[in-house]
Each structure stands twice: as structure tokens, then as C-alpha cells.
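Now for the letters of each chain:
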Amino acid sequence: MANPRKRGKDPLTVSAPDERARAVREMFAAIAPRYDRLNHLLSLNVDRFWRRRAVDRLGWLERPHGLFLDVCSGTYDLGIELVRRSGFCGRVLALDFAQAMLHHGRPKIAGLPILPLCADALRIPIPAGRCDGVMAAFGIRNLVDLDDGLAELGRVLNPGARLVLLDFAMPGRQPLKWLYRQYFTRLLPVIGRLLSKHSHAYTYLPESVLAFSEPARLAARLSSAGFHDVGWEPLSGGIACLWWGVRAPVDGLT
Ligand SMILES: C[S@@+](CC[C@H](N)C(=O)[O-])C[C@H]1O[C@@H](n2cnc3c(N)ncnc32)[C@H](O)[C@@H]1O
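Read on for a plain summary of the structure. Note that the coordinates shown come from a computational prediction; the quantities given were computed from them, not determined experimentally. (Residues numbered from 1 in each chain as written. Predicted model: local features only at pLDDT ≥ 70, side-chain atom pairs only at ≥ 80, totals over all residues. Heavy atoms only, no water.)

### What to know about the pairing of strand 4 (residues 131–137)
Here strand 4 lies mainly inside the structure; seven of its seven residues are buried. Note that strand 1 (residues 67–71) and strand 4 share four bridges and pair parallel. Counterpart to Val71 in the pairing with strand 4 is Ala136. In this sheet, strand 5 (residues 157–168) lies alongside strand 4 in parallel orientation, the contact comprising six bridges. Bridge pairing links Gly133 to Arg162 in strand 5. As for the winding sense of the linkage, the β-α-β connection from strand 4 through helix 5 (residues 146–156) to strand 5 is right-handed. (Buried < 20%, exposed > 50% of the residue type's maximum accessible area, 1.4 Å probe, protein only. Helix = DSSP H or I, 4+ residues; strand = E, 2+ residues; numbered from the N terminus. Pairing = 2+ DSSP bridges. Right-handed = clockwise from strand over helix to strand, strands pointing away.)

The structure is reproduced here in C-alpha cells:
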């Protein structure tokens, strides 16, 4: 087996969009076997609570038989949270462009109405207006063109259906702001490198979060992409954030 340290390029050191996307895909493929364990360990399991909050915001109860899309699904945790809700009778399409992430999560979805789909979130192979809800956890930040990504998510949603995004953010208030920054940018990369055995995945994580839209700016970008009733909610002191918006009626999307 190839040494994961030698696989892929640091996504932040390559600038061409296709190259960057390839580097991100290769990075997730390399850490896929350890992704779940590291995720829960490094977040002290709080990631499970955040995903619950994301599903609460999806409005699935209005469309319990619907088709829901989990974008950048990784190893399916967000979709699993939805299909296990009592009263849910629909299906989840779990889309990710890293085949290895979908593969490693596969045992967790045995018998569940979750269908893996290996594809790019910027070119979703689903007809317009087909989805009754779209959600993404810790994925949207990785897209090489965020605005194109938001437009694509809007395209596949049917009018009136919701988009919910969950991702890391940086706390806005001291002293948590300073303390968390030290942990996130200094300690986490070291612990992550040791446990994941990957040279840069956990350096990329804080760098990509710091480069990501501030909560209010992402909300503004959702509005610019044509979503309405846009809102956001900081979680756990602002170290994560939820954003949501409703797909505008027909012709409302820019
Ligand atoms: C940090 S993981 C999040 C996985 C999962 N949603 C979770 O909650 O743990 C990010 C995932 O996004 C996927 N991803 C990044 N860019 C993508 C793109 N353009 N299209 C599809 N998947 C993408 C990666 O392959 C990776 O599995």
C-alpha cells in the first residue's frame, strides 16, 4: 500500500481549480480509513450533536417521503442521522467525489435508504428541482468555487425546499477566540498528523476554515445565490456554524 504521506499534493499549494480539486480528493481518499475515528476523537464527539442540529433545520418533516441530498457526504454520518429519525420514510443520495470515503463508510449504511453517488458537487448528476432538501456537513468549504457550488445546490432543490450547511467557523469573542485559534492552528495539526499519518490533512483543515467565508458573509452569498429566509446559528461558542436557506420559487434563482 502506498504511503499516505507521499500521496497527493497540499491542496493549498496548487492554484488551478482542477488541480486543487484533485488534491482535495486525494487527501480525503488517503485519510478515509481513519476519518471517522479521528472526527469523533478530535471533536470529542460534539460533531454528532452538530449534525443533529443540521438535520433539525432541514424541514424534512414537511416532506418525509422525499429525496434528500447529502453533499460531500464522506462516510454518510449526516445521512444516517436523517434516515434514523422516527417518521422518515424517504431516501438520501449521498454524494462525494472521493470513492474511498464512500467505500469505507459502506458497512454503516447496510439496510438503510442511503444511496452512494460518486460525483462532483459542482456538477451534480441530478435533474433540476429533484431534491426535497439538500445538506452538507464540513464539505462546502472544500469546493473550488463556492458560489458555483451554491448555485448548483439551488438548481437541484425543488422550490420551497431547504438547504442546510454545517461547517467549522472561528469564535468571535475573546478569550475563546484566542484559545481556540491556538488549539486549532498549532495543536490540532500536530495531533492530526500523528493520528492520521497524513502530512497535511490537519494543516489544511484550519487553513481552509480560516480562508472560508465568515458566517455573515456566507449568509450573504446564500442570498446572492437566490436563497431566501437565509439564517445562520453559531454552535458551541462559534467553533461551528449552521447556515440555511430556502430555494426560491421558480425563476427566483439568479
Ligand atoms: C470533511 S469531509 C466531511 C464528510 C461528512 N460530510 C461528515 O460530516 O463527516 C469532506 C468531504 O467532502 C468531499 N468533497 C470535497 N469537495 C468535493 C466536491 N467538489 N464534490 C464532492 N465531494 C467533495 C471530500 O471528498 C470529503 O469526503
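### Some words on the packing of aromatic side chains
A complete count under the given rule lists nine aromatic pairs for this structure. Look at Phe138 and Phe168: their rings are 4.8 Å apart centre to centre, the planes differ by 35°, and that puts the pair in the tilted class. Here Phe138, found in the loop between strand 4 and helix 5, pairs with Phe168, found in strand 5; they are 30 residues apart in sequence, far enough to count as distant. Exposure remark for Phe138: the relative accessible area of 9% places this residue in the buried category. (Phe/Tyr/Trp six-rings, centres within 6.5 Å; stacked < 30°, edge-to-face > 60°.)

### As for unusual backbone geometry
Apart from glycine, the bulk of residues carry a negative phi angle, and the bulk of peptide bonds sit in the trans form. A cis amide bond, omega 0°, links Gln174 with the succeeding residue Pro175. Relative to the helices and strands, Pro175 is located in the loop between strand 5 and helix 6 (176–196). Backbone geometry at Asn45 places phi at a positive 75°, although glycine is not the residue there. Looking at the secondary structure, you find Asn45 in the loop between helix 1 (17–42) and helix 2 (46–56). With a phi close to 60°, Lys197 is a non-glycine residue in the positive phi region. Mapped onto the secondary structure, Lys197 falls in the loop between helix 6 and helix 7 (201–211).

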